[in-house]
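# Reading the structure
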There are 2 protein chains.
Amino acid sequence: MIDSILDQPLSQWQTEGTLDKEHIVLSSRIRLARNFKGIAFTNRDKEDALEKVDTMMRRVPSLLTKVDGKSYSDISLDKLSGIEREVLVEKHLVSPNLVEKVNHRSVIISDDGAVAIMVNEEDHIRIQSMAAGLNLTKAYERAVQIDDAIESTYDYAFSEKFGYLTACPTNVGTGMRASVMLHLPALAITGKLNRVVRSIIQLGYSVRGLYGEGSEGLGNIYQVSNQVTMGISEEDTIAQLNKIIEGLIKEEEKARQSIAREHSDAFEDRVWRAYGVLAHARKLSGAEALSLLSDVQLGIDMGILHMKSNAFFDKLVVITRPNFLSKYAGQDSMTADERDAYRAKVVRDALNIEQ
Amino acid sequence: MIDSILDQPLSQWQTEGTLDKEHIVLSSRIRLARNFKGIAFTNRDKEDALEKVDTMMRRVPSLLTKVDGKSYSDISLDKLSGIEREVLVEKHLVSPNLVEKVNHRSVIISDDGAVAIMVNEEDHIRIQSMAAGLNLTKAYERAVQIDDAIESTYDYAFSEKFGYLTACPTNVGTGMRASVMLHLPALAITGKLNRVVRSIIQLGYSVRGLYGEGSEGLGNIYQVSNQVTMGISEEDTIAQLNKIIEGLIKEEEKARQSIAREHSDAFEDRVWRAYGVLAHARKLSGAEALSLLSDVQLGIDMGILHMKSNAFFDKLVVITRPNFLSKYAGQDSMTADERDAYRAKVVRDALNIEQ
């Protein structure tokens, strides 16, 4: 199963889900940070604590299967190549943080790829649950099911006063981070994105790029998530974030309408040029590919271009990432030039299939 | 016939000629400046002189037909619309200078488009003769044939000491300007063009862009012509210019080889991107179209792209000019936006046919 996770650009949950027609929200995600009672936090780097957590988690896959009937793989990071670990990061199954060290670090992944539990990241475990489109509740329900199953076997570090205890104080309380990944090209094109992002940040939410901080703007993909984990329930956090996201969708829709109304000729040209370059270029950097793919996806969403599948963009966003690309090419070491040439080829082939 | 001249991008002589395989030299041209004895120069702007020359030239078409069996059209500029006059300029059949005034101005054009005699431009007449590829001798021989035919009927202003007398002293002597139009993209890409152009200018030749001074760089097309018209025979002028051009061809060939040797990946990418944009853009400015067409033509020349006809570039260079384009669209007044959209459409259609 690990092979299919590493080789397929999209997990099952991403192609099954009903995407909204406008394709603004790509995915929803819940992450629960949990630590076990009586074991030193991971960041104290105690070998026996790391090992203990690692051993405890070996039992979890079969435990979860009993609960939901799905199969789970237990993947030790030290059994993966460097490139395979980076592919997990590129697919958002693990954090960049987790793969920095490999001893006793692992990830438990469900066969549909919708659940990934990181072991010995910043906290003992981080339960991640994903859903296609805007569906935080669905993701949350599955996370809770898994959380309950683990808690039925092991004791979490929990304080009546503070809630779940975590390695970093910013997660104490619910230990929950709810986040939504959005494609906001029209807000970017019309220059309204900065204002919108600022107002969301002022409300106490964080807005980051496709790969966290520093990747802002890449493919016009943004992650919006809650910051507060104390003094608010999980349900209220999700309800509030849903409201924020619905507002953001409306802003993006308005921006799309304004493009269609006021700049339709220039925009049509932009979309077709992006398509022309993607369909013909012999070299593409990762950032350029994402930027052009974003234009093409917006062109599809706005009825200018027509593609067979609605997962075109989501798929290529993953495929064009450097490590996934190397894995895809079956080559462990590619120069940047080779990668740019291979990326261009993969994109050309994909466009030919989608036509 | 005037309609076919205005509507067809290429004249017969341009598609008949054997183009060199590398497509570096687009065309050769001879221009003879002549004035009639006893009539005030055109620039003195005397109505009776202008009218006299105009009337004399009415007889010339039938005179020339007797000599070479071809038919000639006599086109009075005041019978053409502004846009039609500009199309003649864009097709290099007349100079921008000629169309500034229309009274008694005309052009006599042979049915194959290879000969165009401007009447009442700077001089009383300017005999222009064109040939495809590098073939100054062929163009010169036809110019002489026409020159002799006219001289057999009318007396030219000629001085034993100075040669042919012309309105501007820089043309006195042979009155001949021999010029060659070249496509030099590889010299431009490799940054060697400026040095090469400087050395040609130092030898006393002029190097200008596709539409004379100020159009340098447009589509990487350059015209090289002699400056000196006194103290040298026509044959020697042509022989010297031929040498210059042969040297220039060698430099361009070397630059193409260096691109193929050292930058083939980057170049292949550049060519395909240019093709991708030309084949898909919905708006193209004239300058961008020429620049991309230049890349595509070099890609064809270097075996990266394959097109059916070898006149692809020459044809589109004319079609994409603003006035030709308006004429082509059958619309006398187009906004710049409409023209850019129509230009993109015409280029897309042409690429589809040529594929």
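The rules we used
Residues numbered from 1 in each chain as written. Chains lettered and ligands numbered in written order. Predicted model: local features only at pLDDT ≥ 70, side-chain atom pairs only at ≥ 80, totals over all residues. Heavy atoms only, no water. Buried < 20%, exposed > 50% of the residue type's maximum accessible area, 1.4 Å probe, protein only. Helix = DSSP H or I, 4+ residues; strand = E, 2+ residues; numbered from the N terminus. Pairing = 2+ DSSP bridges. Phe/Tyr/Trp six-rings, centres within 6.5 Å; stacked < 30°, edge-to-face > 60°. Lys NZ or Arg CZ within 6 Å of the ring centre and 35° of its normal. Domains from an automatic or database assignment. Buried area = accessible area lost by both parts, 1.4 Å probe. Salt bridge = Lys/Arg side-chain N within 4 Å of Asp/Glu carboxyl O. Polar contact = N/O pair within 3.5 Å; in protein donor to acceptor, adjacent residues only side chain to side chain. Axes fitted to C-alpha atoms, helices over the stretch in contact; angles between N-to-C directions. Contact = heavy atoms within 4.5 Å. Least-squares fit on C-alpha atoms with pLDDT ≥ 70 in both.

Turning our attention to the pairing of strand 1 (residues 25-34) of chain A. All names here are of chain A. The buried fraction of strand 1 amounts to 10 of the 10 residues, a majority that puts the element mostly inside the structure. Two elements, strand 1 and strand 8 (residues 176-183), share 7 bridges in a ladder whose sense is antiparallel. Counterpart to Leu32 in the pairing with strand 8 is Met176.

This brings us to the packing of aromatic side chains. Pairs of aromatic rings are described using the distance from one ring centre to the other and the angle between the two planes. All chains considered together, the criterion is met by 12 aromatic pairs over all chains. Centroid distance Phe36 of chain B to Tyr156 of chain B: 5.7 Å. Interplanar angle 25°. Geometry classified as stacked. Here Phe36 of chain B is found in the loop between strand 1 (25-34) and helix 3 (47-58), whereas its partner Tyr156 of chain B is found in the loop between helix 6 (136-151) and strand 6 (158-159), with 120 residues between them in sequence. Ring centres 4.9 Å apart and planes at 75° place the aromatic pair Phe158 of chain B and Tyr164 of chain B in the edge-to-face group. Since its relative accessible area comes to 41%, Phe158 of chain B is described here as partly exposed. One aromatic cluster is present, built from ring pairs that chain together Phe36, Tyr154, Tyr156, Phe158 and Tyr164 of chain A. For the cation-ring pair, Arg34 of chain A lies above Tyr156 of chain A, with the distance from its terminal atom to the ring centre recorded as 5.7 Å.

Turning our attention to the domain arrangement of chain A. Residue and element names in this part refer to chain A. When its domains are assigned, chain A resolves into domain 1 (2-255) and domain 2 (264-354). On a C-alpha basis, the centres of domain 1 and domain 2 stand 26 Å from each other. Here domain 1 meets domain 2 over a buried area of about 2200 Å², counting both sides, of which 68% is carbon and sulfur. Broken down residue by residue, the surface that domain 1 buries against domain 2 is led by Pro9, Ile83 and Glu90, which jointly contribute 26%. In this assembly, domain 1 and domain 2 are joined by 1 salt bridge. When the shortest N-O distance is used, the salt bridge between Asp7 and Lys327 registers 3.1 Å. Our enumeration of links across domain 1 and domain 2 arrives at 7 residue pairs in polar contact (both at pLDDT 80 or more). At the level of elements, helix 1 (2-7), helix 5 (82-90) and helix 7 (185-189) are the ones that each hand at least two residues to the side of domain 1 that touches domain 2. Among the elements that make up the side of domain 1 that touches domain 2, the one with the highest residue count is helix 5 (5 residues).

Residues and elements named next belong to chain B. Strand order in the open sheet made by the 8 strands is 2-3-4-5-1-8-10-9, with antiparallel pairing throughout. Either end of the sheet is taken by a strand with one partner, and the two such strands are strand 2 (72-76) and strand 9 (205-209). Recorded for the sheet is a direction-independent mean angle of 20° between the axes of neighbouring strands. Relative to strand 10 (residues 221-226), strand 9 runs antiparallel, the two being bridged by 5 bridges. Looking at the pairing, Val207 lines up with Val224 of strand 10. The sheet contacts of helix 8 (residues 193-202) involve strand 9 and strand 10, and relative to strand 9 the element is tilted by about 140°.

Take unusual backbone geometry next. Residues and elements named next belong to chain B. Positive phi is not limited to glycine here, since His92 has a value of about 65°. At His104, a residue that is not glycine, the phi angle is positive and equals roughly 65°. Among the structural elements, His104 can be located in the loop between helix 5 (82-90) and strand 3 (106-110).

Turning next to helix 13 (residues 322-329) of chain A. Residues lying three or four places apart along an α-helix face the same way, a consequence of the helix completing one turn every 3.6 residues. Every buried residue belonging to helix 13 of chain A is among Asn323, Phe324, Leu325, Ser326 and Lys327 of chain A, and all of these are buried. Within two residues after helix 13 of chain A, Gly330 of chain A carries a phi angle of roughly 70°, on the positive side.

For these two chains of identical sequence, chain A goes onto chain B by a turn of 180° and a shift of 0.0 Å along the axis, with RMSD 0.0 Å. Both copies are brought into coincidence by an operation consistent with a two-fold rotation axis. It is Gly276 of chain A whose C-alpha, among those of chain A, lies nearest the rotation axis, at 2.0 Å. When the interface residues of chain A are mapped onto chain B, 100% of them are again interface residues, pointing to one common binding face.

Residues and elements named next belong to chain B. When you line up the elements, Ile201 lands in helix 8. For Ile201, a relative accessible area of 44% corresponds to the partly exposed category. Along the primary structure Ile201 and Ser225 are separated by 24 residues, whereas in three dimensions their C-alpha atoms are 9.8 Å apart.

A few words now on the sheet that holds strand 10 (residues 221-226) of chain A. All names here are of chain A. Pairing within the open sheet is antiparallel, and its 8 strands lie in the order 2-3-4-5-1-8-10-9. At either end of the open sheet lies a strand with only one pairing partner, and these are strand 2 (72-76) and strand 9 (205-209). Going from strand to strand, the sheet's axes swing by 20° on average, the running direction of each strand aside. Packed onto the sheet, helix 9 (residues 234-262) meets strand 1, strand 8, strand 9 and strand 10 and runs at close to 10° relative to strand 8.

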